[in-house]
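# An overview of the molecular structure
Take a look at the letters that make up each chain.
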Amino acid sequence: MDAASIDAAGQEFIRDMLPYLLVLELVLIAAGVAQIYLGLRPLQALRTRVGHLRRGKAARMGAGWPSEVQPLAAEVDALLDQHEQEVRLAQHRASDLAHGLKTPLQALLGEAARLDASGQGQAARSINDLVARMRRQVDFELMRTRAQRGTSDLRKVAQGVLSVLARVPEAETLVLENTIPADLTVALPPEELAELLGAITENAVRHAAAEVLLQAKAVGDQIAITICDDGPGLPDDQRERLLSRGARLDESGEGSGLGLAIAQSIIARRGGRLDLSNRPGGGLSVRLTLPIRQSR
């Protein structure tokens, strides 16, 4: 047989088969993509559930996962159970420690009263001031161990904080304005929210020139609270240092320097965020981002 005829037949066969081979290749590629997508979809669901855990929308991974993923979900749940148990134990220890300190502090107050009666008023006042600071910290720790869950009316709590601060001498010439809407709820117990807002608003009152402004708005599943003053503001290189525990810009003034550090501790524990920035017209703006829903 003529070789040219064989070559022509082969070329014709290739031309006839090429479209089918291209279609088959596309089908195999699509099948591979679908297989990968369907195979990795449980991992996407796993990632979504972990995100819900982090944001407080879910308590556990739960069951019902594919057999390849279920052991990982079970380990995550076991880790969460262990973490909750450790947190409860830490809370109990903190509560026991706080209760244990209350009796010695009361004894110190008795000693201060005896010093005052013997004519040593200055020493008695110093002891009373130190005991008052320590008792505030003890009461705060007790509050943290007792009031771990709950929600608060943001405007109502903020108004209560401003009513208290309005009585301090620094606020006599200031305008304390609360523009927070009445329909905002925060996933913090009232005592803890009051401690948080009080720590920051007290700093604003101390440094303000004429006004302190409280604002808030809902941003997705969170609430952004802004506390502004018209004081001197904050140098850029001092922002991180100010948030460290006990750090203060004005070392000559009174106070323990724990206010912003306590606020930051509360926010971090609740999955929020604290940001400091200078206002364009002068003054400091403190922005708190807190969850609306109750964390698990």
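Look a little higher up for the structure.
In what follows, the accompanying structure is described.

## Some remarks on the environment of I180
Inspection of the secondary structure puts I180 in the loop between strand 2 (175-178) and strand 3 (185-186). As a C-alpha pair, I180 and L154 span 26 residues in sequence and 7.5 Å in three-dimensional space.

## Observations concerning the packing of helix 4 (residues 154-165) against helix 5 (residues 190-207)
Contact pair helix 4 / helix 5: the axes reach a minimum separation of 9 Å and the direction vectors enclose 45°. Considering the angle they form, helix 4 stands oblique to helix 5. The chirality of how helix 4 crosses helix 5 is right-handed. On the side of helix 4, the interface is formed by L154, V157, A158, V161, L162 and L165, while helix 5 contributes P190, L193, A194, L197, G198, T201, E202 and V205. Residues that form the contact of helix 4 with helix 5 fall into these classes: eleven nonpolar, two polar and one charged.

## Comments concerning the side chain of D229
With respect to the helices and strands, D229 occurs in strand 5 (residues 222-229). In this structure D229 is buried but unpaired, with R279 as the nearest side chain of opposite charge at 6.1 Å. Among the polar contacts made by the side chain of D229, one reaches the main-chain amide nitrogen of G231 at a distance of 2.8 Å. Leave out the neighbours within four places in its chain, and D229 touches A204, A208, E211, V212, R279, G282, G283 and L284.

## A look at helix 1 (residues 3-55)
For helix 1, spanning 53 residues, the distance from its first C-alpha to its last is 74 Å, which sits close to the expected 78 Å at 1.5 Å a residue. Along helix 1, the positions that sit buried rather than exposed are P42, L46, G51 and L53. By the N-cap criterion, in which a side-chain oxygen at the helix start approaches the backbone nitrogen of a residue two or three places on, helix 1 is capped by D2, the distance to A4 being 3.2 Å.

## A closer look at the nonpolar core
Counting residues in hydrophobic clusters, the biggest one holds 38 residues, and the most contacted among them are L154, L196, L197, I200 and L288. When residues of this core are traced back to their parent elements, those giving at least two are helix 4, helix 5, strand 4 (211-219), strand 5, helix 7 (259-269), strand 6 (273-278) and strand 7 (284-291). Broken down by element, the residue count for this core peaks at seven residues, all from helix 5. Among all residues touching L154, those that are not within four sequence positions of it are I180, L184, V186, L193, L197, A216, I223 and I225. Grouped together as the second largest cluster of nonpolar side chains are seven residues, L46, L53, A58 and M61 included.

Conventions adopted
Residues numbered from 1 in each chain as written. Predicted model: local features only at pLDDT ≥ 70, side-chain atom pairs only at ≥ 80, totals over all residues. Heavy atoms only, no water. Helix = DSSP H or I, 4+ residues; strand = E, 2+ residues; numbered from the N terminus. Axes fitted to C-alpha atoms, helices over the stretch in contact; angles between N-to-C directions. Parallel < 35°, antiparallel > 145°, perpendicular 65-115°, else oblique. Left-handed = near helix turned anticlockwise from the far one by under 90°. Contact = heavy atoms within 4.5 Å. Nonpolar A, V, L, I, M, F, W, Y, C, P; charged D, E, K, R; others polar. Buried < 20%, exposed > 50% of the residue type's maximum accessible area, 1.4 Å probe, protein only. Lys, Arg positive; Asp, Glu negative; His and termini not counted. Salt bridge = Lys/Arg side-chain N within 4 Å of Asp/Glu carboxyl O. Polar contact = N/O pair within 3.5 Å; in protein donor to acceptor, adjacent residues only side chain to side chain. Expected span 1.5 Å × (residues − 1). Core = buried A, V, L, I, M, F, W, Y, C linked by side-chain atoms within 4.5 Å.

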